[in-house]
Amino acid sequence: MNILKLLDKLSDDSFFTRQTSRSSSLSDISAFGKKAAVAALPLGLAGLMTTAAKAETFNDNVPGTAMKSALTDALQLALTLEYLEDEYYRLGLNAGTLIPAADRTVFMQISKHEAAHVAFLKATLTSLGETPGAKPTFDFTAGGNFTPFTNYQQFMILAQAFEDTGVRAYKGQAGNVMSNKAVLQAALQIHSVEARHASQVRRMRANKGWIELANGGSMPPATNAVYAGEDVTVQAGFNTATAFGAAAGSAAYDEVLSGSDAKAIAGLFIV
């Protein structure tokens, strides 16, 4: 099977052009408390990009077997992260009336996308002769600190944190898969879809679709790690703040997040 075709499965984005409701303004953010630091959980495919690609390499100094091993290790990590995101949305959709009817169509589609990403990663690992890892046991309450499946505001906050961080982590390691054209193409395709998810969820929470400075927008301090570094205004020596102002300059360039940071925080939701 052509693994790239999996990316088109269940991926009709026509709903993004329709008007969707926004959740009501968040109240009593401080109730999350310091323990809610786990809201910074990054989701997405950070692991897919954390290492160099398989044996079709542009670097003759790196053995092909080592390149393949690095790639399969990264894909296994990516699969774990996608298992997590896939299960989060599926449980949210199955949580009775948690998601308002007006928003349900959006999350149904996002859920289908994440399921397609899981299918892609499993198929890719199999094609490389690797057995896809089993789905871990997840605890989305993070030891009782959250109730995302009974509190829609918390569900939306975690969804935004997942999507915003996933986009940054994905982009941060993209160059490391450049030697495998199939995986690189798939990574870019998935990255753009995850960015659409992030923008959609942000707007549903009455936020801007992009990030200005290091302000996530109506997010509790616990999620600061998701947005740390987003206030950078110098890009390849060009000072965007001087040209456009700090807010606009920073928003014009989304910043990266390392795979190690993504992995460390994601582990907080894995039992």
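Residues numbered from 1 in each chain as written. Predicted model: local features only at pLDDT ≥ 70, side-chain atom pairs only at ≥ 80, totals over all residues. Heavy atoms only, no water.

A.B. asks: Looking at this structure, how should I read the layout of surface pockets?
C.D. replies: Sizing a probe to match a water molecule and rolling it over the atoms shows the empty space that remains. In this structure, the largest pocket spans a volume of roughly 180 Å³. Only α4 (152-172), α5 (181-204) and α8 (246-251) provide two or more residues apiece to the lining of the largest pocket. Among the elements that take part in the lining of the largest pocket, α5 stands out by supplying four residues, more than any other. Taken together, the residues that form the lining of the largest pocket break down as seven nonpolar, three polar and four charged. (1 Å grid on protein atoms, 1.4 Å probe; cavity = no way out; pocket = protein on both sides within 12 Å on 5 of 7 lines; lining within 4 Å. Points joined across faces, edges and corners; volume = space filled by probe spheres on them. Helix = DSSP H or I, 4+ residues; strand = E, 2+ residues; numbered from the N terminus. Nonpolar A, V, L, I, M, F, W, Y, C, P; charged D, E, K, R; others polar.)

A.B. asks: What is the right way to read the pattern of salt bridges from this model?
C.D. replies: A side chain of one charge can pair with a side chain of the opposite charge when the charged atoms of the two come close. Following the criterion strictly, the structure yields five salt bridges and no others. For E87, the salt bridge goes to R90, with nearest N and O atoms at 3.5 Å. With E87 and R90 both in helix α2 (residues 64-93), this residue pair falls three residues apart, about one helical turn. Taking relative accessible area as the criterion, E87 reaches 13% and is therefore assigned buried. (Salt bridge = Lys/Arg side-chain N within 4 Å of Asp/Glu carboxyl O. Buried < 20%, exposed > 50% of the residue type's maximum accessible area, 1.4 Å probe, protein only.)

A.B. asks: Can you walk me through the packing of aromatic side chains in this structure?
C.D. replies: Aromatic ring pairs are described here by two measures, namely the spacing of the ring centres and the angle between the planes. Taken as a whole and assessed by the stated rule, the structure comprises 15 aromatic pairs. Ring geometry for Y88 and Y89: centres 5.6 Å apart, planes at 70°, overall edge-to-face. When its relative accessible area of 0% is taken as the criterion, Y89 is described as buried. Put simply, the rings of Y88, Y89, F107, F138, F140, F149, Y152, F155, F162 and F269 pair up and form one aromatic cluster. (Phe/Tyr/Trp six-rings, centres within 6.5 Å; stacked < 30°, edge-to-face > 60°.)

A.B. asks: What is the right way to read the confidence of the model for the chain from this model?
C.D. replies: Reading fine detail from the predicted coordinates is not recommended where pLDDT is low. Per-residue confidence for the chain gives a mean pLDDT of 76, with 73% of residues at or over 70. Across residues 9-62, where pLDDT falls below 50, the model places 160 contacts with residues more than four positions away in sequence or in other chains. (pLDDT = per-residue confidence, 0-100. Contact = heavy atoms within 4.5 Å.)

A.B. asks: I'm lost on helix α3 (residues 101-127) in this one. Help?
C.D. replies: Counting along an α-helix, one turn takes 3.6 residues, and residues three or four places apart therefore face a common direction. The first and last C-alpha atoms of α3 sit 40 Å apart over 27 residues, in line with the 39 Å expected at 1.5 Å per residue. Within two residues after α3, G129 carries a phi angle of roughly 80°, on the positive side. (Expected span 1.5 Å × (residues − 1).)

A.B. asks: Any chance you could explain the nonpolar core here in plain terms?
C.D. replies: General note: in soluble globular proteins, nonpolar side chains tend to be found buried as a group. If you look at the biggest cluster of nonpolar residues, it comprises 36 residues, and the most contacted ones within it are Y88, Y89, I99, F107, Y152, F155 and F269. At the level of secondary structure, the elements contributing two or more residues to this core comprise α2, α3, α4 and α5. Looking at this core element by element, the count peaks at nine residues for α2. Beyond its immediate stretch of four places on either side in the chain, F155 contacts Y88, Y89, G92, L98, I99, F107, P148 and F149. Within the second largest apolar cluster, six residues are counted, among which are I157, A161, I211 and V226. (Core = buried A, V, L, I, M, F, W, Y, C linked by side-chain atoms within 4.5 Å.)

A.B. asks: Even after reading the chapter, I still don't get the environment of F155, so can you show me in this structure?
C.D. replies: If you trace the backbone, F155 turns up in helix α4. With 56 residues separating them in the primary sequence, F155 and I99 have C-alpha atoms 8.8 Å apart.

A.B. asks: Whenever I open this one, the packing of α3 against α5 confuses me. Can you help?
C.D. replies: Packed helices, taken two at a time, are described by the angle between their axes plus the distance between the axes. In contact at an axis separation of 11 Å, α3 and α5 are set at 160° when each is read in the N-to-C sense. By the angle between their axes, α3 is roughly antiparallel relative to α5. Judged by the sense of rotation from one axis to the other, the crossing of α3 with α5 is left-handed. Residues D103, V106, F107, I110, H113, E114, H117, F120 and T124 of α3 pack against V183, A186, I190, V193, E194, H197, Q200, V201 and M204 of α5. (Axes fitted to C-alpha atoms, helices over the stretch in contact; angles between N-to-C directions. Parallel < 35°, antiparallel > 145°, perpendicular 65-115°, else oblique. Left-handed = near helix turned anticlockwise from the far one by under 90°.)

A.B. asks: What is the right way to read the environment of A198 from this model?
C.D. replies: Within the secondary structure layout, A198 lies in helix α5. Given a relative accessible area of 6%, A198 falls into the buried group. Sequence spacing of A198 and D164 is 34 residues, and the spatial spacing of their C-alpha atoms is 5.5 Å. Residues contacting A198, with those up to four places away along its chain left out, are E163, D164 and V167.

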